[in-house]
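Notes for the structure review
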Amino acid sequence: MTNPQWNDVDAYVTDLLVPADDALTAALADSAAAGLPEIAVAPNQGKLLNLLAQVQGARRILEIGTLGGYSTIWLARALPADGRLTTLEYDPRHAEVARGNLARAGLADRVEVRTGPALDTLPLLEEEGAGPFDLVFVDADKANNPHYVTWALKLSRPGTLIVVDNVVRGGRVAAEDPSDPAITGTRAMFDLVAHEPRLDATALQTVGAKGHDGLLIARVTA
């Protein structure tokens with residue numbers, strides 16, 4: 001559900017603080033033209049990811065869930081010239097669109113798009129000695145959120161920031177719904193984070209052009 005006033009506020013903030021960008025606009029247009037679902041983060045949310053990565057001083061970023069590469073561009077732009085972002089995408093067609101969008105944005109040299117189920121790819125990253133990552137952004141299938149956060153923790157260091165998107169689900173996360181794997185997975189993720197002594201976390205509700213949702217931010221403490 002969206003609200004016209006939420007959309008107006010998002011537009012106002014975005015017009016003032018997130019000026020139009022040809023590469024990002026083209027990334028959304030190409031994603032839509034390729035038939036990808038229109039579920040990329042909003043521009044102001046993308047800017048938030050960029051600022052978090054900058055504040056974090058991130059040199060290595062892991063993204064779980066690439067889609068068309070819109071959020072990937074925001075995150076990769078926060079990296080230094082020798083920084084590296086690894087992004088995991090289940091759908092080969094989505095990954096192809098993302099690679100094109102990243103190349104146009106001039107970021108192909110610092111971003112690797114890996115294709116396949118993330119729960120298959122994440123163990124390979126561990127075997128390869130990838131990481132530790134300074135920031136992990138989780139925005140993939142919600143049923144596997146607890147598994148993604150577990151892997152994010154494995155591939156982290158003290159001080160790593162873990163951000164999980166779409167954790168409020170229009171407010172439905174507050175009530176158990178065994179029939180909805182996204183709710184079940186997200187609630188399991190919250191329970192995991194709440195009882196994991198190595199994580200210090202909070203979650204925020206958001207409203208705007210993407211409706212009523214929110215994100216979780218956790219810092220690895222040990």
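Residues numbered from 1 in each chain as written. Predicted model: local features only at pLDDT ≥ 70, side-chain atom pairs only at ≥ 80, totals over all residues. Heavy atoms only, no water.

Along helix α6 (residues 118-128), the positions that sit buried rather than exposed are Ala118, Thr121, Leu122 and Leu125. Angularly, the buried residues of α6 cover 105° about the axis, an arc narrow enough to put them on a single face. On the buried face of α6, the contacting elements are β1 (60-64), β2 (84-89), β3 (111-115) and α7 (145-154). One or two steps after α6, the chain reaches glycine 129, where phi turns positive at roughly 80°. (Buried < 20%, exposed > 50% of the residue type's maximum accessible area, 1.4 Å probe, protein only. Helix = DSSP H or I, 4+ residues; strand = E, 2+ residues; numbered from the N terminus. Arc of directions from axis to C-beta. Contact = heavy atoms within 4.5 Å.)

Let's shift gears to the sheet that holds strand β7 (residues 211-220). Taken in spatial order, the seven strands of this open sheet run β3-β2-β1-β4-β5-β7-β6, and their pairing is mixed. The outermost strands of the open sheet, each flanked by one partner alone, are β3 and β6 (199-208). Sheet twist, expressed as the mean angle between neighbouring strand axes with direction ignored, is 15°. Two elements, β2 and β3, share five bridges in a ladder whose sense is parallel. Pairing of leucine 88 across the sheet is with arginine 114, part of β3. Sitting on the sheet, α6 is in contact with β1, β2 and β3, with an inclination near 150° to β2. α7 rests against β1, β4 (135-138), β5 (161-165), β6 and β7 of the sheet, and its axis sits at about 165° to β5. (Pairing = 2+ DSSP bridges. Axes fitted to C-alpha atoms, helices over the stretch in contact; angles between N-to-C directions.)

The next subject is the layout of surface pockets. Of the voids in this model, the largest pocket is the one considered here, and its volume is about 780 Å³. Mapped onto the lining of the largest pocket, the elements with two or more residues apiece are α3 (43-56), α4 (70-76), β2, α6, β5 and β7. If you add up the space inside the second largest pocket, you get close to 210 Å³. Forming the boundary of the second largest pocket are 16 residues, of which Leu28, Glu38, Ile39, Ala40 and Lys210 lie nearest the centre. In terms of residue count, helix α2 (residues 22-33) provides more of the lining of the second largest pocket than any other element does, three residues in total. Residue composition of the lining of the second largest pocket, grouped by class: ten nonpolar, four polar and two charged. (1 Å grid on protein atoms, 1.4 Å probe; cavity = no way out; pocket = protein on both sides within 12 Å on 5 of 7 lines; lining within 4 Å. Points joined across faces, edges and corners; volume = space filled by probe spheres on them. Nonpolar A, V, L, I, M, F, W, Y, C, P; charged D, E, K, R; others polar.)

Here we come to the side chain of serine 71. Counting through the fold element by element, serine 71 comes out in helix α4. For serine 71, the residues in contact, after removing those within four places along its chain, are Val41, Leu49, Glu63 and Phe137.

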